[in-house]
Amino acid sequence: MAILNILHYPDERLHTVAKPVEKVDDQLRTLIADMAETMYAAPGIGLAATQVDVHLRLIVIDISEDKKGLQALINPKIVEMDGKTRYEEGCLSVPGIYEEVERAERIVVEALDQHGKPIRLEADGLLAICIQHEIDHLDGKVFVEKLSRLKLSRIVAKLKKNERKSM
Ligand code: ZN
């Protein structure tokens, strides 16, 4: 397994729209294992392939306390959503920034698991928020872009300043 490099906002590659996975094979399962390792090491609760510069529709999520709840969703599609909720989100591609954004409260997702088997998942709470956040990445969207233009420009300025400091 390997730790992959995570792209940082405002890297343009984060705006790439990911393509559907055509074949669930060992190569893809290796990518899933690497993405999981990268997510745990960060640490984070979700990671989209887009964030590691692989533009395939694949996300990994684990919101459990003991890191034993890994879920890989391949070609995930939200087929139902209702309600509204707000949550202070963070993102491994936007380090140090936490902002409240609005999402659907409950969702139903269809996807393939790592064996290529179709699954249907009902989610609410943090899991629903996390899945929506990660699917946004596959569509080339980053959560801070849901904020006002002014807030976003302040965040970009802060990120640039932090990057200079760490060099
Ligand atoms: Zn993110």
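Before any of the text, the structure's been laid out above.
The structure presented is a predicted model; accordingly, all values stated were derived computationally and were not measured. (Residues numbered from 1 in each chain as written. Predicted model: local features only at pLDDT ≥ 70, side-chain atom pairs only at ≥ 80, totals over all residues. Heavy atoms only, no water.)

(A) Representation of the pairing of strand β2 (residues 58-61). Residues Leu-58 and Val-60 of β2 are buried on one face, and the alternating residues Ile-59 and Ile-61, pointing to the opposite face, are buried as well. By the bridge criterion, 3 bridges tie strand β1 (residues 46-48) to β2 in an arrangement that is antiparallel. Across the sheet, residue Gly-46 finds its bridge partner in β2, namely Ile-61. One ladder, built from 4 bridges, connects β2 with strand β3 (residues 71-82); its direction is antiparallel. Bridge assignment links Ile-61 to a residue of β3, and that residue is Gln-71. (Buried < 20%, exposed > 50% of the residue type's maximum accessible area, 1.4 Å probe, protein only. Helix = DSSP H or I, 4+ residues; strand = E, 2+ residues; numbered from the N terminus. Pairing = 2+ DSSP bridges.)

(B) Representation of helix α3 (residues 149-165). Along its 17 residues, α3 runs 25 Å from first to last C-alpha, staying within 8% of the 24 Å computed at 1.5 Å per residue. What α3 keeps buried is the set Leu-152, Ile-155, Val-156 and Leu-159. Down the axis of α3, the smallest arc covering the buried residues is 100°, so these residues share one side. Of the residues in α3, the exposed ones pointing more than 90 degrees away from the buried face are Leu-150, Arg-154, Arg-164 and Lys-165. Check the buried side of α3 and you find it contacts β5 (99-103). (Expected span 1.5 Å × (residues − 1). Arc of directions from axis to C-beta. Contact = heavy atoms within 4.5 Å.)

(C) Up close: the coordination of the zinc ion. Around the zinc ion, the protein contributes the donor atoms Cys-91 (SG), His-133 (NE2) and His-137 (NE2), at 2.0 to 2.2 Å from the metal centre. The motif formed by the donor residues of the zinc ion, counted along the single chain, is C-x41-H-x3-H. Taken together, the residues span about one helical turn, with His-133 and His-137 both in helix α2 (residues 125-138) at a distance of 4 residues. (Donors = N, O, S within 2.8 Å, 3.2 Å for Na, K, Ca; no water.)

(D) Inspection of the nonpolar core at higher detail. Among the nonpolar cores identified, the biggest contains 17 residues, and Ile-59, Ile-61, Leu-73, Ile-107, Ala-123 and Ile-131 are the most heavily contacted of them. At the level of elements, β2, β6 (106-112), β7 (118-124) and α2 are the ones that each hand at least two residues to this core. Once residues within four sequence positions are removed from consideration, Ile-107 is found in contact with Ile-78, Glu-80, Met-81, Leu-121, Glu-122, Ala-123, Ala-128, Ile-131 and Gln-132. Among the nonpolar cores identified, the runner-up in size contains 15 residues, and Leu-7, Ile-97, Val-144 and Val-156 belong to it. (Core = buried A, V, L, I, M, F, W, Y, C linked by side-chain atoms within 4.5 Å.)

(E) Focus on the environment of Lys-158. Structurally, Lys-158 is set in helix α3. For the pair Lys-158 and Ile-97, spaced 61 residues apart in sequence, the C-alpha to C-alpha distance is 9.1 Å. Leaving out residues up to four positions away in the same chain, Lys-158 has contacts with Gly-96 and Ile-97.

(F) Examining a positive patch on the surface more closely. On the surface, a cluster of positive charge is contributed by Lys-158, Lys-160, Lys-161, Arg-164 and Lys-165. Here Lys-160 falls in the partly exposed class, since its relative accessible area comes to 46%. (Patch = residues over 30% accessible without salt bridge, like charges linked within 9 Å, V, L, I, M, F, W, Y side chains within 5 Å. Areas by Shrake-Rupley, 256 points an atom, 1.4 Å probe, with all protein chains shown as cover. Salt bridge = Lys/Arg side-chain N within 4 Å of Asp/Glu carboxyl O. Lys, Arg positive; Asp, Glu negative; His and termini not counted. Charge placed at Lys NZ, Arg CZ, Asp CG, Glu CD.)

(G) Quick look at the environment of Ala-41. Looking at where Ala-41 falls in the secondary structure, it is placed in helix α1 (residues 26-41). Given the relative accessible area of 48%, Ala-41 is considered partly exposed. Taking the C-alpha atoms as reference, Ala-41 lies 22 Å from Arg-13; in sequence the two are 28 residues apart.

(H) Here's a closer look at α1. Under the 1.5 Å per step criterion, the end-to-end length of α1 is 22 Å for 16 residues, consistent within 8% with the ideal 22 Å. Turning to α1, the residues buried within the fold contact β1, β2 and β3.

(I) Spotlight on the side chain of Gln-132. Along the chain, the position of Gln-132 falls in helix α2. Since its relative accessible area comes to 6%, Gln-132 is described here as buried. A polar contact is formed between the side chain of Gln-132 and the backbone oxygen of Ala-104, at a distance of 2.8 Å. With residues up to four places along the chain from it excluded, the contact list for Gln-132 reads Ile-78, Arg-103, Ala-104 and Ile-107. (Polar contact = N/O pair within 3.5 Å; in protein donor to acceptor, adjacent residues only side chain to side chain.)

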